[in-house]
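In case you want the letters, here they are:
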Amino acid sequence: MDSNKDEAERCIKIALNAISNNQLDKARKFLEKAQRLFPTDKAKNLLESLAQNGKPPDENGSAVNGDEPRVRHRGERDGANVSQGPTDSDKSYTAEQLEAVRKIKSCKDYYQILGVEKSASEEDLKKAYRKLALKFHPDKNHAPGATEAFKAIGNAYAVLSNAEKRRQYDQYGEERTQPSRHRHHHDFEADISPEDLFNMFFGGGFPTSNVHVYRNGRMHFAHQNRQERREQQRDGGFALLVQLMPILILIIVSALSQLMVTQPPYSLSYRPSAGHIHKRHTSHLKVPFYVGDRFNEEFTGNNLKNVERSVEEDYISNLRNNCWKEKQQKEGLLYRARYFGDSELYQRAQRMGTPSCSRLSEIQVILDG
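Residues numbered from 1 in each chain as written. Predicted model: local features only at pLDDT ≥ 70, side-chain atom pairs only at ≥ 80, totals over all residues. Heavy atoms only, no water.

Draft legend 1. Quick look at the overall build of the chain. Along the backbone of the chain there are 15 helices and 5 strands. Residues counted as buried form 32% of the 369 residues belonging to the chain. Across the chain, every contact between residues at least 6 apart in sequence was considered, and the portion connecting residues at least 24 apart equals 52%. When the accessible area of the chain is evaluated, it comes to approximately 24,500 Å², of which 49% is carbon and sulfur surface. (Helix = DSSP H or I, 4+ residues; strand = E, 2+ residues; numbered from the N terminus. Buried < 20%, exposed > 50% of the residue type's maximum accessible area, 1.4 Å probe, protein only. Contact = heavy atoms within 4.5 Å. Areas by Shrake-Rupley, 256 points an atom, 1.4 Å probe, with all protein chains shown as cover.)

This is the structure:
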């Protein structure tokens, strides 16, 4: 490591010499090499200043050949010592990561952010999001602006994966982004935070009802936005009542229709429920289900066979759905563990069972036999 440190310091000296000769490309090349050999705050600050101002800071904090102040970093204090322990500024990043962040931030629309065509299918969007989300996640990419790029990727997928929002975006998106260069698609915000979306894809759980909405780098709550829209649309108490009247009528009609609907003859619940308290098993696959008090009187012969056939078909359908969910969750955890090199998460994913899939295989053997 000492040899790397010495070589990194030599690269920084060469870069400073190149800066004094106004050879900025050469300076950037040697600063990036210094960061790869032995990451330091000095090289990082010089790179950031070159990227933002086109010139590095001098020892007094002013830009070389200019009066612009040096960009301050989180955690800096006037006259205070740098605190001990790792901070964001201590984490290294590669030139490729920095360039990737620049590309995302320079994109003009959501399709360009995800790197897909406008005709991309839902599966194409998922593949693109999965790849980019892991690449730009703040735990993986520490380059300046990576967090903003991660948010932009999440917002792009959330909008384009929603059929209605995608239709509106394709129709109005370009026009609504013209007035301001830095406000990307202000009218097409996602109703879920980038972290919640990431967790949904990679086994971290689903978001709560109090989801976050990111707008212009600020976090808002979705329920607050809905309340604001309702307040803007309300012209008075009477107008609100008139607006809600169709909904109230619909609720009343639905409640009355539920009372008139005939109760199904069986329930696939794991425990007794209202109206279904007696446990039975189908004669062929031995699927457990619950029935009411008068089931034995009402269903005999062919009627009983038809009911048991419906029970088994519903049971197999539920198993298929649950099996797919179990496989998706396990695959997402394994993918995430391999990408981040998390051995503990990998072991936990390997131990994760798929009971619905196992039961489905057992039933398939019985049906084939």
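So much for the structure itself; the text now carries on.
Draft legend 2. The state of the cysteines, seen in detail. Counted according to the given criterion, the structure contains 1 disulfide. Each disulfide pairs two cysteine sulfurs, and for Cys323 the partner residue is Cys357, the sulfurs being separated by 2.0 Å. Between Cys323 and Cys357, the S-S torsion sits near 105 degrees, and that sign places the bridge as right-handed. In this pair, Cys323 sits in helix H13 (residues 301-340) while Cys357 sits in helix H15 (residues 355-368), placing the two residues 34 residues apart along the sequence. In terms of burial, Cys323 and Cys357 fall into one category: buried. (Disulfide = S-S within 2.5 Å.)

Draft legend 3. A look at helix H9 (residues 194-201). Counted residue by residue, H9 has 6 buried out of 8 residues, so it is predominantly covered. Of all the positions in H9, only Pro194, Asp196, Leu197, Phe198, Asn199 and Phe201 are classed as buried.

Draft legend 4. View of the sheet that holds strand E3 (residues 266-267). An order of E3-E5-E4 is seen for the 3 strands of this open sheet, with the pairing classed as antiparallel. Taken across any chain shown, the strands that pair with only one partner, and hence form the sheet edges, are E3 and strand E4 (278-281). The pairing of E4 with strand E5 (residues 288-291) spans 4 bridges and is classified as antiparallel. Note on E5: the bridge partner recorded for His278 is Val291. (Pairing = 2+ DSSP bridges.)

Draft legend 5. Structural view of the pattern of salt bridges. Within the structure shown, the criterion is met by 7 salt bridges. The residue Arg28 makes a salt bridge to Asp25 at a minimum N-O spacing of 3.3 Å. Taken together, the residues span about one helical turn, with Arg28 and Asp25 both in helix H2 (residues 24-37) at a distance of 3 residues. With relative accessibility at 63%, the residue Asp25 sits in the exposed group. Salt-bridge contacts for Glu164 lead to Arg167; the nearest nitrogen and oxygen are separated by 2.7 Å. Of this pair, Glu164 and Arg167 both sit in helix H8 (residues 163-176), 3 residues apart, which is roughly one turn of the helix. Accessibility expressed as a relative area gives 39% for Glu164, which makes it partly exposed. Overlapping salt bridges, with partners in common, bring together Arg294, Glu297 and Glu298 in one network. (Salt bridge = Lys/Arg side-chain N within 4 Å of Asp/Glu carboxyl O.)

Draft legend 6. Local environment of the pairing of E5. As judged from the 2 bridges shared by E3 and E5, these two strands associate in the antiparallel manner. By the bridge assignment, Ser267 is partnered in E5 with Tyr290. Here E4 folds back onto E5 in antiparallel fashion, the turn holding 6 residues, of which Lys286 has a positive phi close to 60 degrees.

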